[in-house]
Amino acid sequence: MSIWGHLEQRFGTERPRKLLALDGGGIRGVLSLEILAEIERAIAAKTGLTRLGDYFDYIGGTSTGAIIAAGLSIGMTAAELLQFYREAGVSMFEKSALLKRLKSFYTDEPLAAKLQGIFRERDGQHADLTSERLRCLLLVVTRNMTTDSPWLISSNPLAKYNDLGRPDCNRRIPLWQLVRASTVAPVFFPPEILNWDPRDPSKSFVFVDGGLTPYNNPAFLLFRMATQPAYRLNWKTGEQSLLLVSVGTGAAAGVTDAVERNIAGNILNLPSELMYGIQVEQDINCRTFGRCVYGSEIDRELGNLVVPPETPDRGRFFSYLRYNAGLSQESLNALGLGDIEAAAVQKMDAVGQIDNLSRIGQTVAKKEVSIDDFRPFV
């Protein structure tokens, strides 16, 4: 039997490949999902494929992006995931008991229970990265506190640490636990402890949010994992051979006055500010090494780095699309959404702002998503 198992027909031969990378950002994943829903509709109308997991060959995500990536990879639609966020958003951020708040603001049990409900096999067992429910390759980004390093866990059967003969094989960890390990933002949630090898206590590690790595925006990382020889996929690079689509959760530099902020304020805003800076840096990397087909302005000096469509092939490593929404008040006003308070929707735990986040995502999606930008990959 092929190492690819049920995915042999899809991955057993060389062909142009398509990657989807999803940023972290807490409940702001709702914004991403509205953009993904529009991408899903556009691709379905052109190709007949109604699931993004059937169109994209490799989907990677960090934190809330890991929830969405894993959901899409098992065949959920953007609409189904949006419904999940609407139904589970509040419970996923349930306040901890008062005495526990010194450790974390939110309990982990509601989130764990919701994830277990989604990522089950048809026989009721916990799905892992060998599951036949996976329609494409999946990457989950998390941070191992024990080793003080990013851990990049994928379903790629060719990767060194994914060999099923290893007692510490990555693909044997339950999918719900991998996703939760990527979402446990410090202060907000307790860390996740995963045991890689039941017979070896030294292979138990403590994990926290993947957003606290250089890969809160995992787009450039996903490109590397699809093409670098170390990961053994060795997918062909080139503007006509590789498409990378990156979707953000909103660009928000901060929500409080830096001069007035106290120590507690600095701690609370640190995850958001780290994510913002990382998001921009990784986006610039992608626009530099790839042919940027679509993306909004980065800053007044760089502009948007978009290559005009009439420009001949430049020999870049991939074609690149970046969708995101500005969450400053100025940006919201420009979208015709001036009634939405910027500071409110910038927060990663703004569960009371789900409707407004949906409005922002829908507005950006209708304005920016065009199937023409996906050519020649449709």
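Conventions used here
Residues numbered from 1 in each chain as written. Predicted model: local features only at pLDDT ≥ 70, side-chain atom pairs only at ≥ 80, totals over all residues. Heavy atoms only, no water. Helix = DSSP H or I, 4+ residues; strand = E, 2+ residues; numbered from the N terminus. Buried < 20%, exposed > 50% of the residue type's maximum accessible area, 1.4 Å probe, protein only. Contact = heavy atoms within 4.5 Å. Areas by Shrake-Rupley, 256 points an atom, 1.4 Å probe, with all protein chains shown as cover. Core = buried A, V, L, I, M, F, W, Y, C linked by side-chain atoms within 4.5 Å. Pairing = 2+ DSSP bridges. Disulfide = S-S within 2.5 Å. Salt bridge = Lys/Arg side-chain N within 4 Å of Asp/Glu carboxyl O. Phe/Tyr/Trp six-rings, centres within 6.5 Å; stacked < 30°, edge-to-face > 60°. 1 Å grid on protein atoms, 1.4 Å probe; cavity = no way out; pocket = protein on both sides within 12 Å on 5 of 7 lines; lining within 4 Å. Points joined across faces, edges and corners; volume = space filled by probe spheres on them. Nonpolar A, V, L, I, M, F, W, Y, C, P; charged D, E, K, R; others polar. Axes fitted to C-alpha atoms, helices over the stretch in contact; angles between N-to-C directions. Parallel < 35°, antiparallel > 145°, perpendicular 65-115°, else oblique. Left-handed = near helix turned anticlockwise from the far one by under 90°. Expected span 1.5 Å × (residues − 1).

**Q** Describe the overall build of the chain, with residues and values.
**A** Per the secondary structure count, the chain includes 12 helices and 9 strands. Across the 378 residues in the chain, those meeting the buried criterion constitute 54%. Relative to all contacts within the chain whose residues are 6 or more apart in sequence, the contacts with residues 24 or more apart total 70%. For the chain, the accessible area works out to roughly 16300 Å², and carbon and sulfur atoms hold 52% of it.

**Q** Quick one: what's the story with the nonpolar core, residue by residue and with numbers?
**A** Counting 79 residues, the largest nonpolar core has Leu 36, Ile 39, Val 245, Ile 360 and Phe 374 as the members making the most contacts within it. Among residues more than four places away in sequence, those in contact with Phe 374 are Ile 39, Ile 43, Tyr 55, Phe 56, Leu 243, Val 245, Leu 321 and Tyr 323. Judged by nonpolar contacts, the second largest core, of 25 residues, contains Leu 7, Phe 223, Met 225 and Cys 286.

**Q** Give me the pairing of strand β7 (residues 242–247): which residues, what numbers.
**A** When you tally the buried positions in β7, you get 6 out of 6 residues, the bulk of the element. The two faces of β7 match: Leu 242, Leu 244 and Ser 246 on one face and Leu 243, Val 245 and Val 247 on the other face are all buried. With 5 bridges joining them, β7 and strand β9 (residues 319–323) adopt parallel strand pairing. Residue pairing in the sheet places Leu 243 in a bridge with Ser 319 of β9.

**Q** Account for helix α7 (residues 175–183), naming residues and giving values.
**A** Taking burial as the measure, the 9 residues of α7 include 9 buried ones, the bulk of the element. Of the residues making up α7, those classed as buried are Leu 175, Trp 176, Gln 177, Leu 178, Val 179, Arg 180, Ala 181, Ser 182 and Thr 183.

**Q** Describe the state of the cysteines, with residues and values.
**A** All told, the structure shown has 0 disulfides when counted by the stated rule. You can see Cys 292 has no disulfide; the closest cysteine sulfur is in Cys 286, sitting 9.2 Å from it. Looking at Cys 292, the relative accessible area reads 0%, which means it is buried.

**Q** Mind laying out the pattern of salt bridges, listing which residues take part and the relevant values?
**A** Within this structure, the stated rule accounts for 17 salt bridges. A salt bridge links Glu 80 to Arg 51; the nearest nitrogen and oxygen atoms lie 3.5 Å apart. One end of the pair, Glu 80, is in helix α5 (residues 78–92); the other, Arg 51, is in the loop between α2 (29–47) and α3 (52–55), and 29 residues separate them in sequence. The class for Glu 80 is partly exposed, based on a relative accessible area of 38%. Judged by relative accessible area, Arg 51 falls into the partly exposed class, the value being 24%. With a closest N to O distance of 3.1 Å, Arg 291 and Glu 239 form a salt bridge. In this pair, Arg 291 is assigned in strand β8 (residues 291–294) and Glu 239 in the loop between α8 (219–227) and β7, connecting sequence segments 52 residues apart. You'll find Arg 291 and Glu 239 in the same group, each marked buried. The network of salt bridges with common partners includes Arg 10, Arg 17, Lys 18 and Asp 57.

**Q** Explain the packing of aromatic side chains to me, and be specific about the residues and the numbers.
**A** Two measures describe an aromatic ring pair: the distance that separates the ring centres and the angle between the ring planes. The final tally for this structure, using the stated rule, is 18 aromatic pairs. Ring plane angle 25° and centroid distance 4.9 Å describe the contact between Trp 4 and Phe 11, whose orientation is recorded as stacked. Assessed through its relative accessible area of 10%, Trp 4 is described here as buried. Using a relative accessible area of 6% as the deciding quantity, one classes Phe 11 as buried.

**Q** Describe the environment of Ile 153, with residues and values.
**A** Relative to the assigned elements, Ile 153 resides in strand β4 (residues 149–154). It is 9.3 Å that separates the C-alpha atoms of Ile 153 and Leu 129, two residues lying 24 residues apart in sequence.

**Q** Residue-level account of the layout of surface pockets, with values.
**A** If you add up the space inside the largest pocket, you get close to 730 Å³. Looking at the lining of the largest pocket, the elements with two or more residues in it are α9 (263–289), β9, α10 (329–334) and α12 (354–368). Per-element tally for the lining of the largest pocket: the top contributor is α9, with 5 residues. Looking at the lining of the largest pocket, its residues break down into 12 nonpolar, 6 polar and 9 charged.

**Q** I'd like a rundown of the environment of Ala 252, residues and numbers included.
**A** On the secondary structure map, Ala 252 appears in the loop between β7 and α9. Sequence separation between Ala 252 and Ala 342 is 90 residues; the distance between their C-alpha atoms is 8.9 Å.

**Q** Before we move on, could you go through the packing of helix α6 (residues 109–118) against α7 and cite the residues and values that matter?
**A** Their axes nearest at 9 Å, the elements α6 and α7 cross at an angle of 140°. Between α6 and α7, the crossing angle belongs to the class labelled oblique. Note that α6 runs across α7; the crossing there is right-handed. Contact with α6, carried on its side by Leu 111, Ala 112, Leu 115 and Gln 116, involves Trp 176, Val 179, Arg 180 and Thr 183 of α7 and no other residues of that element. For the contact of α6 with α7, the residue count by class is 5 nonpolar, 2 polar and 1 charged.

**Q** I'd like to hear about α2, residue by residue, with values.
**A** Here α2 contains 19 residues, and its C-alpha end-to-end distance of 26 Å stays within 8% of the 27 Å for a straight helix at 1.5 Å per residue. Across the 19 residues of α2, 14 count as buried, placing the element largely inside the fold. Positive phi appears at Gly 48, one or two residues downstream of α2, with a value of about 85°.

It is worth stressing that arrangement in space is one thing and function is another; only the former is reported here.
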